[in-house]
There are 2 protein chains.
Amino acid sequence: MNYCTASREELEKEFCRIKKEYDEFCDKKMSLDMSRGKPNPEQMDVSSELFSCVSIERGFQNETGIDCRNYGGLDGLSELKKLFSQLMGVDTSQIIVGGNSSLNMMFDTVAQAMTHGFGGEKPWLLQEKVKFICPVPGYDRHFAICEHFGIEMINVKLNSDGPDMDSVEQLVKDPCVKGMWCVPKYSNPDGITYSDEIVKRIAALKPAAKDFRVFWDNAYAIHHINGKTDTLLDIYSECIKRGNEDLVIIFTSTSKITFPGAGVAAEAASPQNVTEIKKRMSFQTIGPDKLNQLRHARIFTDIEKLYQHMDRHAAILKPKFEIVLQTLNQQLSNLEIAKWTNPTGGYFISLYVLNGCAKRTVELCKQAGLILTPAGATFPYGTDPDDNNIRLAPTFPMMDELICASKLLCVAIKLAALEHLLEKQ
Amino acid sequence: MNYCTASREELEKEFCRIKKEYDEFCDKKMSLDMSRGKPNPEQMDVSSELFSCVSIERGFQNETGIDCRNYGGLDGLSELKKLFSQLMGVDTSQIIVGGNSSLNMMFDTVAQAMTHGFGGEKPWLLQEKVKFICPVPGYDRHFAICEHFGIEMINVKLNSDGPDMDSVEQLVKDPCVKGMWCVPKYSNPDGITYSDEIVKRIAALKPAAKDFRVFWDNAYAIHHINGKTDTLLDIYSECIKRGNEDLVIIFTSTSKITFPGAGVAAEAASPQNVTEIKKRMSFQTIGPDKLNQLRHARIFTDIEKLYQHMDRHAAILKPKFEIVLQTLNQQLSNLEIAKWTNPTGGYFISLYVLNGCAKRTVELCKQAGLILTPAGATFPYGTDPDDNNIRLAPTFPMMDELICASKLLCVAIKLAALEHLLEKQ
């Protein structure tokens, strides 16, 4: 049955049937949460060696003999600089290894621009207006940072190969446009990886604002699901080739590699940018938690160890994504009321329902005990202009919970669509 | 021999003798560092249980069943809120337990005031001028935060019972005066603890600026040396009594209790202040490293454990302070060229040499291989108007190093004084 071409009578009949199914779900009084991209306990068990690899017996000095218990070392341990250098495509001297949160590093970098500016330009807070380009759908916490600082956000469509660069190239002609958020690999929520062509066009941007920076949040740099990883062109090398090395600031973390709450984050950029960032940090802290950095250095002695580690995550995550996708396929194919991504990495399935139905679908799920990411969260100001995108996060729940949640989700999608179509007729 | 009353001939003879002693120290090619208040390895060994108390065997859930490996918990674990509540004198609901650095919390709180203001007032960066009261001598990193944000610093004398409150009460009449740094117990570097009277007068301040805040850095809250701890009146209770609860923001950390680089920091304030601070944090991070918090919760199951722990630190530190004080006494008594504090807690001995001789003394030490805290560092902008204060940090070096360093220091003090007196005559 194709809902969109069905008669009113057919739709009404279907509505009664689906409403009954929905009510049955409500009676079950579920309590499930698929709202955030949280690793599950089994994934965290993959990193259990972190608990024992730094100890009285195994010592607490790093490769250069630093007692990691004590003060010092503003930009992190040399071992981790080498590791992140390989992941981030910049020299070890340009890596800052931080605490447990790359979000914190991003926030602090924007905060620094607000109070001190970038590259000798005026602090953003003292400039007339500051705008950021936001490829959508995107990561709600990026948008929230902008909102916190009163930065105006401009939506740009994220296509299957990356942001709509024609728009981006136009927008950067405005000297008030100071930044752009990018999750270039396995993007949140669409799971797309920027094509070489798009990375090159970003690296070639010549914004009117000298203090324009691309915030390159490579959160899912090695987070494949299906056994092989997408390739992402190295943005910093591309920037160098074009004499544009100050354009980009790169972030990543091990939050979804080791422990979400107790991983290690890193930031990388041009020598000039790194000098500015470290100067601020030198007032802000004496240094990061080097013991936790040492734990990570000891379990990831080379990049191959890291890749093997990620294969174990993929093996755990694959069936979780599959069960959701399978249910969506079984329940919704041919109805013409929803489509969804089939990601090869990252943490999300991006679901698109009929225009105007996302909020209602999420609400129906909530009433039946299933919490999804709020509709609109993937857009600046929480406003999805088409009200059609829902981010699904299948990583945390257990398999039987996922089966149940997916079935309920499909019923909610149908019910919201039927309500919408019946109202329209 | 009293240098200050000696004849030129006596001084010249003494100069030759001391210069020879100094040259002998230079020939030894020492390499010692007494510049920072760093705990020594033996002290850190006191906290070795931190390495084993969270493990696969002992589990990683806290008292409320939170899996501390995963995301979540913006303001920290309940166990540590209870512990810090007892240390900081506020309700657990008003405690924010953070990462490894209270300096970071202070910086971020000032940064928040710069971009968002306090209590609904305009962001400090958009106000005409912002000034801070700085009791001197004080902590260089406090002053550095002000300098970073372009906050004008006003020196106020720190007496043996706390800041000169007559001056402070005058200064807060200026609406541009927005803050004041305090290290109220075992102050850095003078080691004094604010008297009840002074705490009450601070709590009773009625500044012209509604967004004035006292930054109460209780870094050495329980850091006694001599077996018994000074008592410090609880500032927050005193503020409450006077309807002044938003006046103060309190900071502390375990940096000098457990591991300097991998401790736990905390911030506490009125419900209104805490709401504002947590709001900013909700944009900045998903949460602190809860595993490291859990480690601390497990070794400090009650406040008595914490006190016993501090007694072990005191036992290690006491001889280190004693050897320096003993050498100063032996070498410098009756010369009338120096005086120094005899602290009962904290991390420093505060040395006062003849006016105009601090920089030269530090320089002479450096040339002979002993690094002291730069002269002037204990004052805003690195400028000690009398050039007479030197902060000594005897905690890190080993005993034999301290003996050697103290002797050299005394020779340098004498030589600088002699140069100065001979020049003056």
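A brief report on the enclosed structure follows. (Residues numbered from 1 in each chain as written. Chains lettered and ligands numbered in written order. Predicted model: local features only at pLDDT ≥ 70, side-chain atom pairs only at ≥ 80, totals over all residues. Heavy atoms only, no water.)

Turning to the overall build of chain A, a few remarks are in order. In terms of helices and strands, chain A carries 13 helices and 13 strands. Taken over the C-alpha atoms alone, chain A extends approximately 75 × 55 × 35 Å along its principal axes. The buried share of chain A, taken over its 425 residues, is 62%. Within chain A, contacts between residues separated by at least 24 positions form 76% of all contacts whose residues are at least 6 apart in sequence. In chain A, 48 positive and 55 negative side-chain charges are present, and the distance between their average locations comes to 2 Å. (Helix = DSSP H or I, 4+ residues; strand = E, 2+ residues; numbered from the N terminus. Buried < 20%, exposed > 50% of the residue type's maximum accessible area, 1.4 Å probe, protein only. Contact = heavy atoms within 4.5 Å. Lys, Arg positive; Asp, Glu negative; His and termini not counted. Charge placed at Lys NZ, Arg CZ, Asp CG, Glu CD.)

Quick look at the pairing of strand β4 (residues 152–159) of chain B now. Residue and element names in this part refer to chain B. The sheet contact formed by strand β3 (residues 131–136) and β4 spans six bridges and is parallel. Each bridged residue has a counterpart across the sheet, and for F132 the counterpart in β4 is M153. Remark: the β3/helix α5 (residues 140–148)/β4 crossover connection has right-handed handedness. The sheet contact formed by β4 and strand β5 (residues 162–163) spans two bridges and is antiparallel. Across the sheet, residue L158 finds its bridge partner in β5, namely P163. (Pairing = 2+ DSSP bridges. Right-handed = clockwise from strand over helix to strand, strands pointing away.)

Moving on, we come to the nonpolar core. The tendency in soluble globular proteins is for nonpolar side chains to be buried side by side. I202, F212 and W216 of chain A together with Y194, I202, F212 and W216 of chain B are the most contacted members of the largest nonpolar core, which totals 119 residues. Not counting the four nearest positions on each side in its chain, Y194 of chain B is found in contact with P135, L158, D161, G162, P163, C182, V183, P184, V199, I202, W216 and L232 of chain B. Counting residues in each nonpolar core, the second largest holds 67 residues, with M105 and F215 of chain A together with A265 and I277 of chain B among its members. (Core = buried A, V, L, I, M, F, W, Y, C linked by side-chain atoms within 4.5 Å.)

The next thing to look at is the pattern of salt bridges. If you walk through the whole model with that rule in mind, you get 44 salt bridges over all chains. Ionic pairing is found between E14 of chain B and R17 of chain B, a salt bridge with its closest N-O pair at 3.1 Å. Here E14 of chain B and its partner R17 of chain B are both found in helix α1 (residues 8–27), three residues apart, which amounts to about one turn of the helix. With a relative accessible area of 43%, R17 of chain B lands in the partly exposed category. Across the salt bridge formed by K178 of chain B and D211 of chain B, the nearest N and O atoms sit 2.8 Å from each other. Of this pair, K178 of chain B sits in strand β6 (residues 177–182) while D211 of chain B sits in the loop between α7 (196–203) and β7 (213–217), and the two are 33 residues apart along the sequence. In this structure D211 of chain B comes out as buried when scored by relative accessible area, which is 1%. Three or more residues are tied together by salt bridges with common partners; here these are E14, R17 and E21 of chain A. (Salt bridge = Lys/Arg side-chain N within 4 Å of Asp/Glu carboxyl O.)

Turning next to the relation of the copies chain A and chain B. Relative to chain B, chain A is turned by 180° and slid 0.0 Å along the rotation axis, the superposed coordinates differing by an RMSD of 0.0 Å. The superposition operator between the copies reduces to a two-fold rotation axis. Here 98% of the interface residues in chain A have copies in chain B that are interface residues too; the copies meet face to matching face. (Least-squares fit on C-alpha atoms with pLDDT ≥ 70 in both.)

This paragraph deals with helix α12 (residues 358–367) of chain A. All names here are of chain A. The set of residues buried in α12 consists of A358, T361, V362, L364 and C365. Buried residues along α12 cover an arc of 160° about the axis, so they all sit on one side. Of the exposed residues in α12, the ones pointing more than 90 degrees away from its buried face are K359 and K366. Looking at the packing, one finds that the buried side of α12 touches α1 (8–27), β11 (349–353), β12 (370–372), β13 (389–392) and α13 (399–424). (Arc of directions from axis to C-beta.)

Every contact between the two is made by 54 residues of chain A and, on the other side, 53 residues of chain B. On the chain A side of the interface with chain B, the three residues burying the most area are F51, R69 and Y71 of chain A, jointly 18% of the side's total. For D45 of chain A, the salt bridge is made with R69 of chain B, and the minimal N-O distance between the two is 2.7 Å. Contributions of two or more residues to the side of chain A that touches chain B are made by α2 (41–45), α4 (102–116), α5 (140–148), α9 (271–284) and α10 (290–299) of chain A. Ranked by the residues each element gives to the side of chain A that touches chain B, the list is headed by α4 of chain A, at seven residues. Here the side of chain A that touches chain B is built from residues that sort into 26 nonpolar, 17 polar and 11 charged. (Buried area = accessible area lost by both parts, 1.4 Å probe. Nonpolar A, V, L, I, M, F, W, Y, C, P; charged D, E, K, R; others polar.)

This part takes up the sheet that holds strand β10 (residues 338–340) of chain B. All names here are of chain B. In space, the three strands of this open sheet follow the order β10-β11-β13, with antiparallel pairing throughout. The open sheet has two edge strands, β10 and β13 (389–392), and neither has a second partner. Across this sheet, the average inter-strand angle for adjacent strands is 25°, counted without regard to direction. Bridging between strand β11 (residues 349–353) and β13 involves four bridges; their strand directions are antiparallel. Each bridged residue has a counterpart across the sheet, and for L351 the counterpart in β13 is I390. Contacting β10, β11 and β13, helix α11 (residues 303–332) crosses the sheet at an angle of about 155° to β10. (Axes fitted to C-alpha atoms, helices over the stretch in contact; angles between N-to-C directions.)

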